[in-house]
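# Structural features, examined
Listed below are the residues making up each chain.
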Amino acid sequence: MTLLATTSIAAVSLYAMLSTVYKSAQVFHARRTTISTTPAKDIESTPVPSVDVIVPCFNEDPIVLSECLASLAEQDYVGKLRIYVVDDGSKNRDAVVAQRAVYADDERFNFTILPKNVGKRKAQIAAITQSSGDLILNVDSDTTIAPDVVSKLSHKMRDPAVGAAMGQMKASNQADTWLTRLIDMEYWLACNEERAAQARFGAVMCCCGPCAMYRRSAMLSLLDQYETQLYRGKPSDFGEDRHLTILMLSAGFRTEYVPSAIAATVVPDTMGVYLRQQLRWARSTFRDTLLALPILPGLDRYLTLDAIGQNGGLLLLALSVLTGIGQFALTATVPWWTILVIGSMTLVRCSVAAYRARELRFLGFALHTLVNIFLLIPLKAYALCTLSNSDWLSRGSVAVAPTVGQQGATKMPGRATSEIAYSGE
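Residues numbered from 1 in each chain as written. Predicted model: local features only at pLDDT ≥ 70, side-chain atom pairs only at ≥ 80, totals over all residues. Heavy atoms only, no water.

### A closer look at the sheet that holds strand β7 (residues 211-215)
The mixed open sheet is built from eight strands, whose spatial order is β3-β2-β1-β4-β7-β6-β10-β5. Only two strands of the sheet have a single partner each, and these edge strands are β3 (109-114) and β5 (143-145). Going across the sheet, the axis of each strand differs from the next one's by a mean of 30 degrees, ignoring polarity. Two strands pair when backbone bridges link them, and β5 and strand β10 (residues 254-265) are joined in this way by three bridges, in the antiparallel orientation. (Pairing = 2+ DSSP bridges. Helix = DSSP H or I, 4+ residues; strand = E, 2+ residues; numbered from the N terminus. Axes fitted to C-alpha atoms, helices over the stretch in contact; angles between N-to-C directions.)

In structure tokens:
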């Protein structure tokens, strides 16, 4: 047996053992997420908080933006609700102007148009400095939320120990292509396995950008760190949701997942757009994983296993595939053990997901293994080697610009330069 064959067998065997332990623990804890950590009587005794919804938009499709704002207008929340729409220097700002006219008689809506593109973080901050609600709900402009989302997330936030909470993400354009179907299943697994298990210990590591709620007082205390995130001396302009979540955990707050709060977001329908998105997310994940390392000892041991499972598992899988390909290329022998183990792990994972979701379509998620091995793993290796690169790959670098007034009036001071519509993993 060659060194390459031995290495491939050893790596894939270690991957199988680590993945089995990690995924078993993940599924076990994920099933218990729906149990509230705060007694109902303590929650009900607190006042109903006011909520500010912030919707930053940039060159958004007019129909998609209209659907987003309509879903916000239809919220059944009994408390005070304000909606701040911030156009981040769009070239099609007429779409935002048209929506401002639609909601001119709805006093809950407030529209701000920035003269130049300054980036999502600064657009969010422009609205935060105008708002005054107890809670802040970030909603991406290509996302629609169910009528009860504000109510369900704010109910979770009535526990003062909770600094942030996210809802369950789905793909609104799921039926468009094979890729959007695959991404929708990927979102289900990310939410109902990964985030759900982390939420068992109040430590969701990334409250996803399309629908995430934050405690205003906590967010204000972290705003400077959030806005001025640097990596190797350069502004970090994407991955804002993961970074803000890590800051919340570092400050001692819990971060939660509410599976019944459903949000649907537009996902990439072509491979090129999907890979560019994944590259940004990979860089963000690697950067903020380093930031999260110091807080892991203070969290439950499962969170350490989670970090090892995600990163160590990826490394072992990559090593087994690389040496397996080397074995085939140099010795013309097929790495059957590596193929058998990866195939078996894929079948088990998809079968468990299909059982838990009660949907046979998850058996088709096996296709994601091929995408992962031949596209995402090389992409993540490239991301790791280019962590200092902060290019968006979709709209270029952001520019520093003064902020603008609400309804074309009030001016606010500009801030220093600080993720796609859906930022996060």
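Don't stop here, the text continues.
### Points about the side chain of S284
Looking at the element boundaries, S284 is found in helix α10 (residues 271-292). Contact partners of S284, with chain neighbours within four places excluded, come to F238, G239 and R242. (Contact = heavy atoms within 4.5 Å.)

### Thoughts on the confidence of the model for the chain
Of the residues in the chain, 89% reach a pLDDT of 70 or more, and the chain-wide mean stands at 89. Across residues 395-425 the pLDDT falls below 50, and counting only partners more than four positions away or on other chains, this stretch makes 111 contacts in the model. (pLDDT = per-residue confidence, 0-100.)

### Side note on the packing of aromatic side chains
Any pair of aromatic rings gets described here by the distance separating the centres and the angle formed by the planes. Considering all chains together, one arrives at four aromatic pairs under this definition. Chaining the aromatic ring pairs together yields one cluster made of Y103, F109 and F111. The ring centre of Y355 lies 4.4 Å from the NZ or CZ of R358, which sits over that ring. (Phe/Tyr/Trp six-rings, centres within 6.5 Å; stacked < 30°, edge-to-face > 60°. Lys NZ or Arg CZ within 6 Å of the ring centre and 35° of its normal.)

### Focus on the pattern of salt bridges
Using the criterion set out here, one finds ten salt bridges in the structure. A salt bridge links E227 to K122, with the shortest nitrogen-to-oxygen separation between them at 3.7 Å. You can see E227 sitting in helix α8 (residues 216-227) and its partner K122 sitting in helix α5 (residues 120-128), a full 105 residues away along the chain. Considered together, E227 and K122 belong to a single accessibility category, that of buried residues. Across the salt bridge formed by E194 and R195, the nearest N and O atoms sit 2.9 Å from each other. (Salt bridge = Lys/Arg side-chain N within 4 Å of Asp/Glu carboxyl O. Buried < 20%, exposed > 50% of the residue type's maximum accessible area, 1.4 Å probe, protein only.)

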